[in-house]
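Spelled out from the first residue to the last, the chains are:
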There are 2 protein chains.
Amino acid sequence: MLYIIGLGLGDEKDITLRGLEAVKKCEKVYIEAYTSLLSFGLSSNGLSTLEELYGKMITLADREMVEERADVIISEARDFDVAFLVVGDPFGATTHTDLVVRAKQSGINVKVVHNASVMNAIGLCGLQLYRYGETVSVPFFTETWRPDSFYEKIQRNRTLGLHTLCLLDIRVKEPSLASLCRGRKQYEPPRYMTISTAIEQLLEVEQARGAFAYGEDTTCVGFARLGSEDQIVVAGSMKQLQAIDFGPPLHCLVIVGKTHPVEDEMLGFLTTKETSDHALQ
Amino acid sequence: MLYIIGLGLGDEKDITLRGLEAVKKCEKVYIEAYTSLLSFGLSSNGLSTLEELYGKMITLADREMVEERADVIISEARDFDVAFLVVGDPFGATTHTDLVVRAKQSGINVKVVHNASVMNAIGLCGLQLYRYGETVSVPFFTETWRPDSFYEKIQRNRTLGLHTLCLLDIRVKEPSLASLCRGRKQYEPPRYMTISTAIEQLLEVEQARGAFAYGEDTTCVGFARLGSEDQIVVAGSMKQLQAIDFGPPLHCLVIVGKTHPVEDEMLGFLTTKETSDHALQ
């Protein structure tokens, strides 16, 4: 059996009782390392917090390993119970559909243990989840690569009065260009897009396109470390949020559509006039 | 302090360690009774499974009570720690924004413990969550009340190639018309819309509107008891799904938009040709 277990958003305490029970009975435990493992007590020297809680060794599985060694993981799951741990929900912002497809093709039973993901935890700010349109991703711009397909999607959502969740780029274990040229893989240090960078890029695209999809006065909600003890959630205009230091990653951003009075009231508790102490924690 | 704690979707084992820790330190524990408490071992005689796990009494709070007695709950939270338990995520399909707004207006600290909700757990079927458009609700039609505002939304989502989550009506503790006329409240038995009824209503509206937003051959995914041990997830045409007995509530339905190859592969594992044993469990 292959268990795909969501760990939730904060730290080791966000696993469910069902999830913990499943991990404990698995002989082999993998943890995905390619979204964010920032708050789970994981460091380069080990996975100590989680390993202590589970009472067993954990193998860190980056994207490369999952892609290259999926067959190994699947063949292990044929012989004994294997857990694959995922930050957030197994099918949240990052999906593990490929691994599930390959397991099922091999006739392996897959059991999923759900948990919170950024896709539902943003409900915290008071904007109704059913009033969101299509989610967009904001990738890091480079000098030569400035993809802006998010623009039409945001514009469409705003025309319909819908809110837009912007997932901000994460670059973990990206091979450096120089190392690719040398034919030996070396990795860039991990990079996580801040709310400030995201807004800078959004405004740059608005300026280039000029269709008034949004502007520096558009109300947004910035989330940092959503679901953690030290999360920060602040509502304000793009211009206001751009000036705020939200601290360490992960960040995400919601562009607010048409609001109902109760939504407005909730956003009122999150305005930039308050300090982060007063922000929703 | 007022803790709003998500219980997840399945049963008492779906609470997180963080949630359980919070409940245990609260002096008073409420549980919302107005979405679904079907799988949480709750019956009219009590809340035994949860009460045993938490080691304390739980007060069942229906919508009426939360609306009428919010002040009591909030004033308790001023004096000691109070937990308000919510099936799914606190801000999932049903929101508790009102209670949070009132608590914050009274200067009470609110802490939210997230969990899985139907809004992210549907990711299980392999359709990417960021490819969903606006969520719609399908209400029970009566002879005189047949609201169909979902139609334009589904049409818009499908035009854009997006998937649509349809939340199906839940009627719990609805005062009966007869009792309202008599001036004394009596309640209708609870009603939960099945996938079959939802599809019947959807097709009726398509026939009346005739704009080809969808039809009986449109691919959908039906979910019953999502997140529970006995969940059923089946993909097929509206016509095929309409003929399936999905069993007890809760049900929900996804109308599939434009798919990518990996999404198709996942849906392939969920086709109606297989028995429910082979459906994703």
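Residues numbered from 1 in each chain as written. Chains lettered and ligands numbered in written order. Predicted model: local features only at pLDDT ≥ 70, side-chain atom pairs only at ≥ 80, totals over all residues. Heavy atoms only, no water.

### With respect to the domain arrangement of chain A
Each domain of chain A was delimited in the assignment, giving domain 1 (2–116) and domain 2 (119–268). Computed from C-alpha coordinates alone, the two centres of domain 1 of chain A and domain 2 of chain A are separated by 27 Å. (Domains from an automatic or database assignment.)

### Quick look at the side chain of B:Thr97
Structurally, B:Thr97 can be placed in helix α4 (residues 97–105). For B:Thr97, a relative accessible area of 3% gives the class buried. For B:Thr97, the residues in contact, after removing those within four places along its chain, are A:Gly126, A:Gln128, A:Val262, A:Met266 and B:Phe91. (Helix = DSSP H or I, 4+ residues; strand = E, 2+ residues; numbered from the N terminus. Buried < 20%, exposed > 50% of the residue type's maximum accessible area, 1.4 Å probe, protein only. Contact = heavy atoms within 4.5 Å.)

### Section: a negative patch on the surface
On the surface, A:Glu67, A:Glu68, A:Asp98, B:Asp264 and B:Glu265 cluster together into a negatively charged patch. Contributing elements (two or more residues each) for the negative patch: α3 (63–79) of chain A together with α10 (261–268) of chain B. Checked against the element boundaries, A:Asp98 lands in helix α4 (residues 97–105). (Patch = residues over 30% accessible without salt bridge, like charges linked within 9 Å, V, L, I, M, F, W, Y side chains within 5 Å. Areas by Shrake-Rupley, 256 points an atom, 1.4 Å probe, with all protein chains shown as cover. Salt bridge = Lys/Arg side-chain N within 4 Å of Asp/Glu carboxyl O. Lys, Arg positive; Asp, Glu negative; His and termini not counted. Charge placed at Lys NZ, Arg CZ, Asp CG, Glu CD.)

### Overview of the packing of helix α6 (residues 150–159) of chain A against helix α8 (residues 195–209) of chain A
All names here are of chain A. One can describe the packing of α6 onto α8 by two numbers: an axis separation of 11 Å at closest approach and a directional angle of 85°. Taken together, the axes of α6 and α8 lie roughly perpendicular to each other. Of the residues in α8, those in contact with Phe150, Tyr151, Glu152 and Ile154 of α6 are Leu202, Val205, Glu206 and Arg209. Tallied by class, the residues present in the contact of α6 with α8 amount to 5 nonpolar, no polar and 3 charged. (Axes fitted to C-alpha atoms, helices over the stretch in contact; angles between N-to-C directions. Parallel < 35°, antiparallel > 145°, perpendicular 65-115°, else oblique. Nonpolar A, V, L, I, M, F, W, Y, C, P; charged D, E, K, R; others polar.)

### Re the pairing of strand β2 (residues 28–32) of chain A
Residue and element names in this part refer to chain A. Buried residues dominate β2, accounting for 4 of its 5 residues. Pairing geometry for β2 and strand β3 (residues 59–61), over 3 bridges, is parallel. For isoleucine 31, the partnering residue across the bridge sits in β3 and is leucine 60. (Pairing = 2+ DSSP bridges.)

### Side note on the sheet that holds strand β10 (residues 219–224) of chain B
All names here are of chain B. Spatially, the 5 strands line up as an open sheet ordered β6-β7-β12-β10-β11, and their pairing is mixed. Pairing within the sheet leaves two strands with one partner each, and these edge strands are β6 (136–138) and β11 (232–237). Here the average twist between neighbouring strands, direction ignored, is 25°. Pairing of strand β7 (residues 164–168) with strand β12 (residues 251–255) involves 4 bridges; the strand directions are antiparallel. Bridged to leucine 165 within β12 is valine 254. Each of β6, β7, β10 and β12 is contacted by helix α8 (residues 195–209), which is oriented at about 45° to β12, the strand it contacts most.

### Observations regarding the relation of the copies chain B and chain A
Expressed as a screw operation, the relation of chain B to chain A combines 0.0 Å of axial shift with a rotation of 180°, fitting to an RMSD of 0.0 Å. On the angle and the small slide along the axis, the relation comes out as a two-fold axis. Both copies contact each other with a shared surface, as 100% of the interface residues of chain B are interface residues in chain A too. (Least-squares fit on C-alpha atoms with pLDDT ≥ 70 in both.)

### Comments concerning the nonpolar core
Buried together is how nonpolar side chains tend to be arranged in soluble globular proteins. Counting 92 residues, the largest nonpolar core has A:Leu2, A:Ile122, A:Val221, B:Leu2, B:Ile122 and B:Val221 as the members making the most contacts within it. If near-sequence neighbours (up to four positions away) are discounted, A:Leu2 is found in contact with A:Ile73, A:Ala77, A:Val82, A:Phe84, A:Leu99, A:Ala103, A:Ile108, A:Asn109, A:Val110 and A:Lys111. A:Ile31, B:Leu17, B:Val29 and B:Leu85 belong to the second-largest nonpolar core, a separate cluster that totals 34 residues. (Core = buried A, V, L, I, M, F, W, Y, C linked by side-chain atoms within 4.5 Å.)

### Remarks on the packing of aromatic side chains
For the coordinates displayed, the defined rule picks out 3 aromatic pairs over all chains. Ring geometry for B:Tyr151 and B:Tyr214: centres 5.6 Å apart, planes at 65°, overall edge-to-face. Of this pair, B:Tyr151 sits in helix α6 (residues 150–159) while B:Tyr214 sits in the loop between α8 and β10, and the two are 63 residues apart along the sequence. Note on accessibility: B:Tyr151 and B:Tyr214 belong to one class, buried. The side chain of A:Lys104 reaches across the aromatic face of B:Phe269, ending 5.8 Å from its centre. The lysine or arginine in question, A:Arg191, covers the ring of A:Phe140, its NZ or CZ lying 3.9 Å from the ring centre. (Phe/Tyr/Trp six-rings, centres within 6.5 Å; stacked < 30°, edge-to-face > 60°. Lys NZ or Arg CZ within 6 Å of the ring centre and 35° of its normal.)

### Points about the sheet that holds strand β6 (residues 136–138) of chain A
All names here are of chain A. The 5 strands lie next to each other as β6-β7-β12-β10-β11, forming an open sheet whose pairing is mixed. If you trace the sheet from one side to the other, it starts and ends with β6 and β11 (232–237), each paired once. The sheet shows a mean angle of 25° between the axes of neighbouring strands, direction not considered. Judged from the 3 bridges that link them, β6 and strand β7 (residues 164–168) form a sheet pairing that is parallel. In the strand pairing of β7, valine 138 is matched with leucine 168. Its contacts with the sheet place α6 against β6, β7 and β12 (251–255), and it is angled at close to 135° to β6.

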